[in-house]
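Chain and residue survey
So you can see what is in the structure, the chains are spelled out below.
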Amino acid sequence: MSTPLVIAVVVVFTLTYGLIAARQTQLVPLGRPTFALLGAVTMVALGALSPAQAYAAIDGDTISLLLGMMLLTVYCEDAGLLERIASLTLDRCRSPRGLLVAVSFLSAGLSAVLVNDTVCLFLTPIVVGICRRSALPFGPYLIALATCANIGSAATLVGNPQNMIIAGRSGLSFLEFLAVAGPVSLAALLLNVALLLAFYSRQLCSCAFEQEKDPSLSLVQRRGARRSAMVLVGVLAGFTLGWHMGLVALGAAGLLIALHRKDPGLVFARVDWPLLVF
């Protein structure tokens, strides 16, 4: 590339990342996906990349895997599977410290097999509701939820979008990545829980604790949760067998769409399209 083109590329690159880092400004409240898209289009317009090279730079495996996992998470949530798992885990705790440990491991475990952002969005109102009913402080439990979701998501190739990019570029299988990252994530999770207990133990000891009985699910809800659980187990089995993760996730999402027998428009509306564009 010529010197003027190199300078222009550096300027566009720096400006784009500066705007992405700023997220939203009062002058240009457009968000990260818009800045990234405008920066990419500007690079093509400058001639730094041809349109063919720009399209080739998009990792289809990452996009398909992320889209499939988002759809799976939405269907699991709608079927009541995530609520059932959360209820079975959290509603049986008998002390504030036990609840803190349960929130930590639940957040990490779900984030290892589903997209961590969605897990946080789903679990937050459940944790807040339990804290409100039991007159517990929100802070310790929400901090546990957020930090352990990040730690758990680092254990697998499907826990977060960054790991999905690694899956597409590294050639590592699901089990190979888990064998390396899993023990580290587990050690970090145990350390994080120990620090949370050490920091908040005195505050939680002075709190009363009262849990409500786990509400029973209807027959339709139980069937939907069981069906989603079977599909999710099948997805994890496909991952461990070394099948193409993007196709497995999309195939499972397609199966749930067919089994649901309803217009999937509302489900697709809940997909985080800005994240996919970004």
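Every value quoted in this text rests on a predicted model; they were computed, and no experiment measured them.

Bringing the overall build of the protein into the picture now. In terms of regular secondary structure, the protein is built from 14 helices and 0 strands. Going residue by residue from the N terminus, the α and β elements of the protein occur as α-α-α-α-α-α-α-α-α-α-α-α-α-α. Sorting the 278 residues of the protein into buried and exposed places 41% on the buried side. Considering only residue pairs separated by 6 or more positions, the protein has 75% of its internal contacts joining residues 24 or more positions apart. For the protein, the accessible area works out to roughly 15,000 Å², and carbon and sulfur atoms hold 67% of it. The distance from the centre of the 18 positive side-chain charges to the centre of the 13 negative ones in the protein is 7 Å.

Compared with the 28 Å implied by 1.5 Å per residue over 20 residues, the 29 Å span of helix α1 (residues 3–22) between its first and last C-alpha is a close match. Structurally, α1 contributes buried residues whose contacts are with α2 (32–46).

A full pass over the atoms with the stated rule returns 2 salt bridges. One salt bridge in this structure joins E77 and R270, with 3.5 Å as the shortest N-O distance. Of this pair, E77 sits in helix α4 (residues 60–78) while R270 is found in the loop between α13 (265–269) and α14 (273–277), placing the two residues 193 residues apart along the sequence. Overall, the relative accessible area of 41% leaves R270 in the partly exposed class. One salt-bridge network, in which partners are shared between bridges, spans E77, D78 and R270.

So, on to helix α7 (residues 116–134). Given a rise of 1.5 Å per residue, 19 residues ought to cover 27 Å, and the 26 Å separating the end C-alpha atoms of α7 matches this to within 8%. By the largest-angle criterion, L123 marks the main kink of α7, which is about 30 degrees, and a proline, P125, follows within four residues. Listing the buried residues of α7 in full gives N116, V119, F122, L123, V127, V128, G129, I130, C131 and S134. Tucked into the core, α7 has its buried residues touching α4, α5 (81–90), α6 (96–113) and α8 (138–153).

Procedures and definitions
Residues numbered from 1 in each chain as written. Predicted model: local features only at pLDDT ≥ 70, side-chain atom pairs only at ≥ 80, totals over all residues. Heavy atoms only, no water. Helix = DSSP H or I, 4+ residues; strand = E, 2+ residues; numbered from the N terminus. Buried < 20%, exposed > 50% of the residue type's maximum accessible area, 1.4 Å probe, protein only. Contact = heavy atoms within 4.5 Å. Areas by Shrake-Rupley, 256 points an atom, 1.4 Å probe, with all protein chains shown as cover. Lys, Arg positive; Asp, Glu negative; His and termini not counted. Charge placed at Lys NZ, Arg CZ, Asp CG, Glu CD. Expected span 1.5 Å × (residues − 1). Salt bridge = Lys/Arg side-chain N within 4 Å of Asp/Glu carboxyl O. Bend = angle between axes of the 7 residues up to and from the residue.

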